[in-house]
Structure formats: structure tokens, C-alpha cells
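# Understanding the architecture of this molecule
The primary structure of each chain is shown beneath.
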Amino acid sequence: MDKTTRSLALPAGPRRFGFWLDGKWEGGREIFTRHSPAHDVPVTEIPRCTVEDLNAAVAAARRAFEDRRWSGLSGAERGGVLLRAAEILRARRDEIAYWEVLENGKPISQARAEIEGCIACFETGAGAARLLHGDSFNSLGDKLFGMVLREPVGVVGLITPWNFPFLILCERVPFILASGCTMVVKPSEVTSATTLILAEILAEAGLPAGVYNVVTGSGRVIGQALTEHPDVDMLSFTGSTAVGRSCVHAAADSNFKKLGLELGGKNPIVVFKDADLADAADAAAFGISFNTGQCCVSPSRLIVAREVAEEFETLLAAKMAKIRVGDPLDEATQVGAITTNAQNDTILSYIAKGQAEGARLVTGGDVIDLGAGQYIRPTLFSGVTPEMSIARDEIFGPVLSSFRFDTVEEAIALANDTVYGLAASVWSKDLDTALLATRRIRAGRFWVNTIMAGGPEMPLGGFKQSGWGREAGVYGVEEYTQVKSVHIELGKRNHWIG
Ligand code: TXE
């Protein structure tokens, strides 16, 4: 590990936030303090909102929706606000990245790159706001004309997780706004700061009051109340499969709100014998270590052709051993701290289970003591079999399980042997093999000879138990609309009653 000097200082004290209701900061609530998971010092103070605060936020979003202060604007006007927000984000990039690091533990260089991605989301959303359109049916005969209108679904509840607090937010907010909806956001209780900073940015960009509201607090209380709220028309939830399931129950038991769910993954990376092994090894090492593997699209199952498996694992282990794990405020760090104590315990318990179940630890598996914070070295297990828990469960950490295959059919079957279907990556220089695997492996995001590439033009979402619906791009905007079929009769009616 590199021992380079930290280039950014810790804050002198914790930054105090209010919550954002109807275009204004609100305070005066009980506060909870977030400690940096990398440094164990207090960094932010966040209000613990009440269910009454949530109800007030939903009411504000409802008023803002019903009086059409946002949905009644043209796409060009909505797009203009989103473009101004992109500009302000660009100006405040380093500040947002800094608070993201302090609450999440991810490396500063990565956080800055994520904010660049967020700017791109706002720019894409701005274009999509102008291009959103319905359809027409000029095929119903001379007496009838059909139009399909796209209308915003209404008030959206947005619940986001702690692994990419700002990126996941920005993969949704501009597209929700492009559709004309209004919203209430509930960020993860451990990473609320940047969601609150966005409120200020959107207001400065000209977003009318009440369109974007943020309530902070626990998932169990505020999150649950949002999922159950009878006046929320749609809920977008990103988080665990268990809470995703409870959102489905809550929607059914309240008002059948529309749901978008992005849940867990146990994503395969399939390496065929004709792959560029050095490239694939670099991609696998990056994929499982990026964001400390706390990433829903991380490739956590390596499925590698038996003929090249030894060679590949050797290349991969060498790459993983070279990854710079360390203080996320250090510019040179590639992998930072684990975000929560609970997640740290979960990851370590799976590393112990992998060893107990008979998998071979090739590299990593240990913690790194930097005096403060929680760090786990990128870990590779070989000889993993499908019934082991490290083969089946989403670990959400830098732990990669390696399987071997003999035939293409076996590789596809192994890749699909999971309840999840979020993402997949396949490596082969043979077009037939690569395309066959792409067609047969069930996953919402797919990479061929690359990994975790893309941009906000492309839809995000999962197959199977990884969720419902798609976010980002034009698909993402459409997700927040509903279609209305309009039938227009032309000329004189043929009377039913003579
Ligand atoms: O997630 P939770 P946790 C997976 C990953 C991780 C596991 C647990 O495997 O180990 O989930 O993480 C809010 N009603 N992912 O416990 O609890 C909560 O406040 C409504 C994958 O942190 O699902 C937060 O805002 N909301 C995932 C959000 O849900 C509730 C990213 C996510 O927290 C709630 C995160 C409730 N009853 C975890 N309880 C991905 N797909 O990227 C909690 N929340």
C-alpha cells in the first residue's frame, strides 16, 4: 500500500444540515451525527425527520404537481433548469465529491469522476425533457384519430442507498424532473449530505419550490412511511432485495403505487478461453474492487474456462494485490473504506464462511489497519462450488468467487444460476461465442469485452429478483410517465338511437 501524503484535510467540525421542504431549509429536529467510515471522526449532522415532516413534504410535492408549476412548463423550460443545474454542479464538483467521500469512504478521485457522471445525467435529462413525446394512430379510419399522450405519473417517492449516494440520486432525479413529476427523496441515513446539497443547487437553477423535497431519517420509520404513503403515485427504491420486497407489500396495502426497484445482484463475469486474459483480469480486479465491491453491478462470480483458469487466476491475483487500498482523501487511493460497520461485519463473515465451506483463498481476505476506519483487502476465492454461500449471496464487498467451466453451455448455465439478473460481463474475441452468451445470460446490463462502461443514455435495471423497471435515458423518463389513449371522432356521429 502506498503511504502518500493525504492531499485533503478533514473538516474542522461536523457540517450541520437542515432538511428541504417546499423550497426552504427546515431545522429544529433531533440530529444524528455521521462519522467518516474512513477516519472515525464526526463529519455531518443530519435531522431525524418525523412522519409529520414526511407528510408535509408529500403535501408540498402534491401541491406543486397539481398546480402544474412544473409539469405545465414546456420541455425546453424544464430542460433549461436541468442544464443550469448541470452548470452549478460543475462549479461545485469538488465540494460535493468531498462530502461524498466523508460520508461514504470512497476515494476522492473516484468521487470526482462520479460527479462528472452526475453532470452528464443532468445534461441528458435536459435533452430528454425536450424530446419526450407520445404517439399517434392515423390508422383508425377517416372518422377516428388516435393519440397516445405521455403524462407525468405525479408525486414520486425516491429512496436511495449509501453506496453511490449522489450518482444513484442523479441517475434518477433529472429524468423524474424531465417527465414533469414532483418528488420526495429519502436518502440513506448514513449518506444524506449530498442529496441535501442538490436541493440548494436545484433551487438556484430555478426549480420551483415544492418540486424537489428531501426528508432525512431512518429507513425503518421515514422510508417505510414513504412506501406506505397513500398520496405518493410512484416509488423508486434502490437497496436490498428484502426492503424491495417490503415496498411491494406496502404498495399493495396502500394505493397500488407504481414501483421502480433496483435491488441486489450476484453478477457473473465470464471469461472464455479465447479472451484477452490480461484485459479480462484487469476488468475483473477493477470490477470487484471498485467502490470496495459495494456496487450492485460488481462482478462477484468469475466463471472461467478450465483450460485458462490457472493462468487467469494468477494474473488476476497479481492485479488485485497491487490495488492501492487506503485513505480515501489521498489522491492516489484506488479503494477506500467500507461504508458501514454492519457492511464490514457482513463482508468479513462471508470471507470466514468461504474458508469454512472449503473454498481456496487465493489473495486478500484480511483487514488493513490504518489506525482508523475499516478496510478490507480485495479477496479472491478459487474452487467455489454453486451451493456455497459465497457463490449464492450478494456479499456487497470486494470478494470474488471463481468457478470453472468446460463448455459454453455450462458457462451460460452457471452465469444464470442465481435469483438475480442485474448485470453480466463476457469476455471472448469470438463473435459467435460472445453474442451467444449475450443472448442467453439473463441480465439487465451487459458488457462484452469491457465492464461497468456506459453513460446516462443507456437504461439501468435488472431482470429476475434484481428489480422492476428502468432508470436513466429516455427509458428512464418514460418510466415516470403514464400513457393516455385519446380517441377523437371526426365529423358527424352515427346515432345509436334512431
Ligand atoms: O440496505 P437497505 P442496507 C444490498 C447489499 C447490502 C444490503 C443491505 O447487499 O449488503 O442491501 O444494505 C432504506 N422501508 N444493497 O441494509 O436497508 C434505507 O434507509 C423503506 C444493494 O443498507 O435496503 C436506505 O435509504 N426504506 C443496493 C435504503 O432503504 C427502507 C444498495 C437502502 O437500505 C426501509 C444498498 C424500509 N423498511 C444495499 N429500510 C443496490 N442495489 O445497489 C431501509 N430503507
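About the cut-offs
Each chain has its residues counted from 1, running along the sequence as written. For this predicted model, a pLDDT threshold of at least 70 governs which residues receive local features, and a threshold of 80 or more governs which side-chain atom pairs are given and counted, while totals over whole chains, interfaces and linings are taken from all residues. Each side-chain value is derived from all of the structure's non-hydrogen atoms; neither hydrogens nor water enter the calculation. For this analysis, a salt bridge means a side-chain nitrogen from Lys or Arg found within 4 Å of a carboxyl oxygen belonging to Asp or Glu. Classification of residues uses two cut-offs on accessible area relative to the type maximum, computed with a 1.4 Å probe and protein chains only: under 20% is buried, over 50% is exposed, and between them is partly exposed. Only DSSP runs of H or I reaching four residues or more are called helices, and only runs of E reaching two or more are called strands; each is numbered from the N terminus. At least two bridges found by DSSP between two strands are what make those strands a pair. Axis geometry follows a simple rule: fit a line to the C-alpha atoms, using only the stretch in contact for helices, then measure angles between N-to-C directions, giving values from 0 to 180 degrees. By definition, any crossing whose near helix is turned counterclockwise from its far helix by less than a right angle is left-handed, and any crossing with a clockwise turn is right-handed. Here a residue-residue contact requires only that any non-hydrogen atoms of the pair lie within 4.5 Å. Only Asp, Glu, Lys and Arg are considered charged in this grouping, and only Ala, Val, Leu, Ile, Met, Phe, Trp, Tyr, Cys and Pro are considered nonpolar; every other residue, Gly among them, is considered polar. For this purpose, a residue is taken to be near a molecule or strand whenever a single non-hydrogen atom of the residue falls within 4 Å of it. The definition of a polar contact used here is a pair of N or O atoms within 3.5 Å, where within protein one atom must be able to donate a hydrogen and the other to accept one, and adjacent residues in sequence count solely through side-chain atom pairs. Areas reported here follow the Shrake-Rupley algorithm with a probe of radius 1.4 Å; residue values treat only the protein chains shown as occluding. An automatic or database domain assignment is the source of the domain bounds shown. What gets called buried area is simply the loss in accessible area from a 1.4 Å probe that two parts show on being joined, summed for both. The criterion is simple. A nonpolar core is a set of buried Ala, Val, Leu, Ile, Met, Phe, Trp, Tyr and Cys residues joined through side-chain atoms within 4.5 Å. The arc refers to the directions leading from the helix axis to the C-beta atoms. Seen with the strands pointing away from the viewer, any crossover whose path from the first strand over the helix to the second strand runs clockwise is right-handed. Between 30 and 60 degrees the pair is tilted, below 30 it is stacked and above 60 it is edge-to-face, where a pair is any two Phe, Tyr or Trp rings, Trp via its six-membered ring, whose centres lie within 6.5 Å. Charges are assigned to positions over rings by a cutoff of 6 Å between ring centre and Lys NZ or Arg CZ, combined with an angular limit of 35 degrees from the ring normal.

## Here we look at the pattern of salt bridges
Evaluated as defined, the whole model comprises 34 salt bridges. A salt bridge links Glu95 to Arg92, with the shortest nitrogen-to-oxygen separation between them at 2.8 Å. For Glu95, a relative accessible area of 25% corresponds to the partly exposed category. Arg92 gets classed as buried once you look at its relative accessible area, which sits at 16%. The shortest N-O distance in the salt bridge between Glu171 and Arg172 comes to 3.6 Å. Here Glu171 matches Arg172 in class, with each residue buried. Sharing partners across several salt bridges, the network here consists of Arg93, Asp94, Arg112, Glu116 and Glu331.

## Observations concerning the pairing of strand E9 (residues 182–186)
Among the 5 residues of E9, 5 are classified as buried, and the element is accordingly described as predominantly covered. Neither face of E9 is left uncovered, since the one carrying Thr182, Val184 and Lys186 and the one carrying Met183 and Val185 both have all their residues buried. Where strand E8 (residues 155–159) and E9 come together, 5 bridges link them in parallel fashion. Bridging from a neighbouring strand, Val156 pairs with Met183 of E9. Where E9 meets strand E10 (residues 212–214), 3 bridges bridge the pair, whose relative direction is parallel. Paired with Val184 across the bridge in E10 is Asn213.

## A word on the packing of helix H1 (residues 51–66) against helix H8 (residues 219–228)
Viewed as axis vectors pointing N to C, H1 and H8 meet at an angle of 35°, and their least axial separation amounts to 10 Å. Regarding H1 and H8, the two cross each other, and that crossing is right-handed. When H1 is examined against H8, the residues Val51, Leu54 and Val58 are found in contact with a partner set consisting of Val221, Ile222, Ala225 and Leu226. For the contact of H1 with H8, the class distribution of residues is 7 nonpolar, no polar and no charged.

## Observations concerning the site of the ligand
By nearness alone, 24 residues border the ligand, and Trp162, Lys186, Glu189, Ser240 and Glu394 come closest of all. Contact between the ligand and Glu189: an oxygen atom at 2.6 Å from a side-chain N or O atom of the residue. Between the ligand and the protein, one listed contact pairs a nitrogen atom with a backbone N or O atom of Leu263 at 2.9 Å. Protein chains shield 83% of the accessible area of the ligand, which is 810 Å² for the free molecule. No other element matches the 4 residues that H8 contributes to the shell around the ligand. Class assignment for the residues of the shell around the ligand results in 9 nonpolar, 11 polar and 4 charged. A domain-level breakdown of the shell around the ligand finds at least three residues from each of domain 1 (15–263 + 466–484) and domain 2 (267–448).

## Here's the deal with the domain arrangement of the protein chain
Here the protein chain is partitioned into domain 1 (15–263 + 466–484) and domain 2 (267–448). In this structure, domain 1 and domain 2 have C-alpha centres spaced 31 Å apart. With 27 residues of domain 1 at the contact, the number on the domain 2 side is 29 residues. Buried surface at the junction of domain 1 and domain 2, summed over both partners, amounts to about 2,200 Å²; 55% is from carbon and sulfur atoms. Considering only the surface of domain 1 that becomes buried against domain 2, Pro107, Trp162 and Ser466 emerge as the three largest contributors, covering 24% of it. Summed over the shared surface of domain 1 and domain 2, the result is 1 salt bridge. We note a salt bridge from Glu331 to Arg112, for which the minimum N-O separation is 2.9 Å. Across the side of domain 1 that touches domain 2, the residue classes break down as 11 nonpolar, 8 polar and 8 charged.

## What to know about the nonpolar core
Membership of the largest hydrophobic core comes to 131 residues, with the highest contact counts inside it found for Phe122, Val173, Leu198, Tyr212 and Leu316. Considering each element in turn, this core owes the most residues, 10 residues, to helix H4 (residues 108–131). Split by domain, the residues of this core number at least three in each of domain 1 (15–263 + 466–484) and domain 2 (267–448).

## Observations regarding helix H14 (residues 408–416)
Of the positions making up H14, those classed as buried are Ala411, Ile412, Leu414 and Ala415. Along the axis of H14, the buried residues cluster in a sector spanning 165°; they form a single face. Residues of H14 that are buried sit in contact with strand E13 (267–271), strand E14 (299–305), strand E19 (399–405) and helix H15 (431–440).

## Considerations on the sheet that holds strand E22 (residues 445–448)
As summarised here, the arrangement of the 7 strands in space is E15-E18-E19-E14-E13-E21-E22, forming an open sheet in which the pairing is mixed. Bordering the open sheet on either side are strand E15 (360–363) and E22, each of which pairs with just one other strand. Each neighbouring strand pair of the sheet contributes to a mean axis angle of 25°, computed without reference to strand direction. Pairing of E15 with strand E18 (residues 379–382), which is carried by 3 bridges, proceeds in the antiparallel orientation. Looking at E18, one finds that Thr363 is bridged to Leu380. Those strands touched by helix H11 (residues 306–322) are E13, E14, E15, E18 and E19, and its axis lies near 140° from that of E14.

## Here's the deal with the packing of H14 against H15
One way to put it is that H14 packs onto H15 with a least axis distance of 10 Å and a crossing angle of 35°. Classified by chirality, the crossing of H15 by H14 is right-handed. Residues Val408, Glu409, Ile412 and Asn416 of H14 form the contact with H15, whose participating residues are Thr433, Leu436, Ala437 and Arg440. By residue class, the composition of the contact of H14 with H15 is 4 nonpolar, 2 polar and 2 charged.

## A short note on the pairing of E22
By the alternation rule, side chains of E22 split into Arg445 and Trp447, which are all buried, and Phe446 and Val448, of which none is buried. For the handedness criterion, the β-α-β arrangement of strand E21 (residues 423–427), H15 and E22 is classed as right-handed.

## Focus: the packing of aromatic side chains
Going through the model one piece at a time under the given rule, you end up with 6 aromatic pairs. Connected via pairs of aromatic rings, a cluster forms that spans Phe164, Phe286 and Phe290. Positioned over the ring face of Tyr350 is Lys353, at 4.2 Å from the centre of the ring.

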